[in-house]
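Next come the chains, spelled out residue by residue.
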Amino acid sequence: MHRSAIVLLLLTMSACSFGMVIAQTSIVRGEASLMDQTGSQAVVLDVLTPGMNVEVLSVQGNWARVRIPATSEVGWVQTSALARADATELDLQGQGAGIGMTGKELERVDGRVETMGGGLRAIERRVDSLLARLGVGDEDGREQEQTPARMEQAQQPAYPPFAMAGPGRLRWQNRFVMGTYLRGGQNYYGLELSRALDESGRSLLVGRAQYGLGEMGGKVDDFIDWTVGMDFNLSPETYVIYPYVGAHFGMRNLLENTLPNRNSFIVAPSLGVRAELGSIFTLGVELRGLFRFESGRRRDDGIVGFNCGYSW
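No experiment lies behind these values; they were computed from the predicted model shown. Here, residues in each chain are numbered from 1, in the same order as that chain's written sequence. Whole-chain, interface and lining totals are the exception, using all residues; otherwise, since this is a predicted model, local features are given only for residues with pLDDT of at least 70 and side-chain atom pairs are given and counted only at 80 or more. The side-chain figures draw on all heavy atoms in the structure; neither hydrogens nor water molecules are used.

### A few points about the overall build of the protein chain
Per the convention used, a helix needs a DSSP run of H or I reaching at least four residues, while a strand needs a run of E reaching at least two, with both numbered from the N terminus. Counting its secondary structure elements, the protein chain contains 3 helices and 14 strands. Taking all contacts inside the protein chain whose residues are at least 6 apart in sequence as the whole, residues at least 24 apart take part in 52%. When the accessible surface of the protein chain is summed, it comes to about 18400 Å², and 59% of that surface belongs to carbon and sulfur atoms. In what follows, a contact means two residues having at least one pair of non-hydrogen atoms within 4.5 Å. Each accessible area is a Shrake-Rupley estimate made with a 1.4 Å probe; only the visible protein chains count as cover when residues are assessed.

### Considerations on the sheet that holds strand β14 (residues 297–311)
On the basis of which strands lie adjacent, the closed barrel formed by 8 strands has the order β7-β8-β9-β10-β11-β12-β13-β14 and antiparallel pairing. Strand-to-strand twist of the sheet, defined as the mean angle between neighbouring strand axes without regard to direction, takes the value 25°. In terms of strand pairing, strand β10 (residues 223–233) meets strand β11 (residues 241–254) through 11 bridges, oriented antiparallel. For M230, the partnering residue across the bridge sits in β11 and is A247. Two strands pair if DSSP finds at least two bridges between them. To obtain an axis, a line is fitted to C-alpha atoms, over the contacting stretch when the element is a helix, and the angle between two such axes runs from 0 to 180 degrees between their N-to-C directions.

### Some thoughts on the pattern of salt bridges
When a carboxyl oxygen of Asp or Glu is within 4 Å of a side-chain nitrogen of Lys or Arg, the pair counts as a salt bridge. Taken as a whole and assessed by the stated rule, the structure comprises 10 salt bridges. When the shortest N-O distance is used, the salt bridge between E192 and R208 registers 2.9 Å. Linking E192 in strand β8 (residues 187–196) with R208 in strand β9 (residues 203–213), this pair joins segments that are 16 residues apart in sequence. The exposure classification of E192 matches that of R208, with both residues buried. One salt bridge connects R288 with E286, and the closest N-O pair in it is separated by 3.6 Å. An identical accessibility class is assigned to R288 and E286; each is buried. Taken together, the salt bridges that share partners define one network made up of R175, E192, R208, E286 and R288. Per-residue accessibility, obtained with a 1.4 Å probe over protein chains only, is compared with the maximum for each type, and a residue is labelled buried under 20%, exposed over 50%, and partly exposed between these values.

Laid out in C-alpha cells, this is it:
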C-alpha cells in the first residue's frame, strides 16, 4: 500500500471518529506534552507542536483530555496550551470548528508511515532470509520439496571431508612426525611423504624416514629408520576425524660405522587416528609396532607418535 493511500485512510478514520463523537476542536498555542494521565506520575505519549488541531473530549481542572485527529492518539494536556481552554468555551454540546491538518501534522504522519513501511520491509527481508536458509521457499513463494540432495547438502560438515576436495584429484601430502620408542626410550623426528591412490582417500602409499636419538651422546647409538608401506583410512569420505591402520616395511641403519651389523630389517604395523583441518592440513596420533630382525634374531619394540601434515 502506497503512503498516500495510508494517509488518506488515516484522514477518513479521523472524519468518521468525528461523526461518532461530537467534540470541540481546539488549536495548540505552543509546544506541549501529551500525557497518559494527569499529575506528576504521568508518562509523555507525544509532543504537540504549535498550530496542531486537537479534539477536546473532556476537561478536568487545568487538564483537558484531547485526541489528535491525524493519529487518533488520546491523552491529557494542560488547558493553558490550548487556544480555547476555559470550561465555559469548551461546551461539548456546541458545534465543532471542523477538522484540519497543518503542514507539520502532515509531515509527522508521513514520517510515521515511512517508519512503519521501513519496519515492514525489514521484517520481510528477515522472513525471506529465514526461508532461504531453511530451503522451503523459492522466488514464487512456493514451498520447495525436501529432496534427498537438499537434505544431504544440509547435513554436510562445515568443511568438506577428503573425497570432496575435488573430483578426480589424488593428492600428495607431507607430514612431520615425532614421538618416542617405548622400549628403548629414544626420541625420534622425521618426515613422511604420502599419496592417495583413490578418489575417496581410503588407500595411501606412505614413505617415511625418521631419525632416532640414542641414549649416549653424539652419534654412537643414533640410527635412522627407513620404511615404506600402505595406510588404510576408514570412512574419510564421510568424516573429518577417522581411524586408520597401516602396514610398513623397511630398514634400520646405525650411524656407528665400526659395528659389524649396522643394518636390520623392520616390519611395522600401525594404528592411529587422523583429523582433517580443512582441505589442506591434518593432525594425527599413531601407535606403531616395531619388529626388527637382526642376524636371525627378532627384537620387538613400539613407538607412539604425533604427526602434522599438509596437502599439495
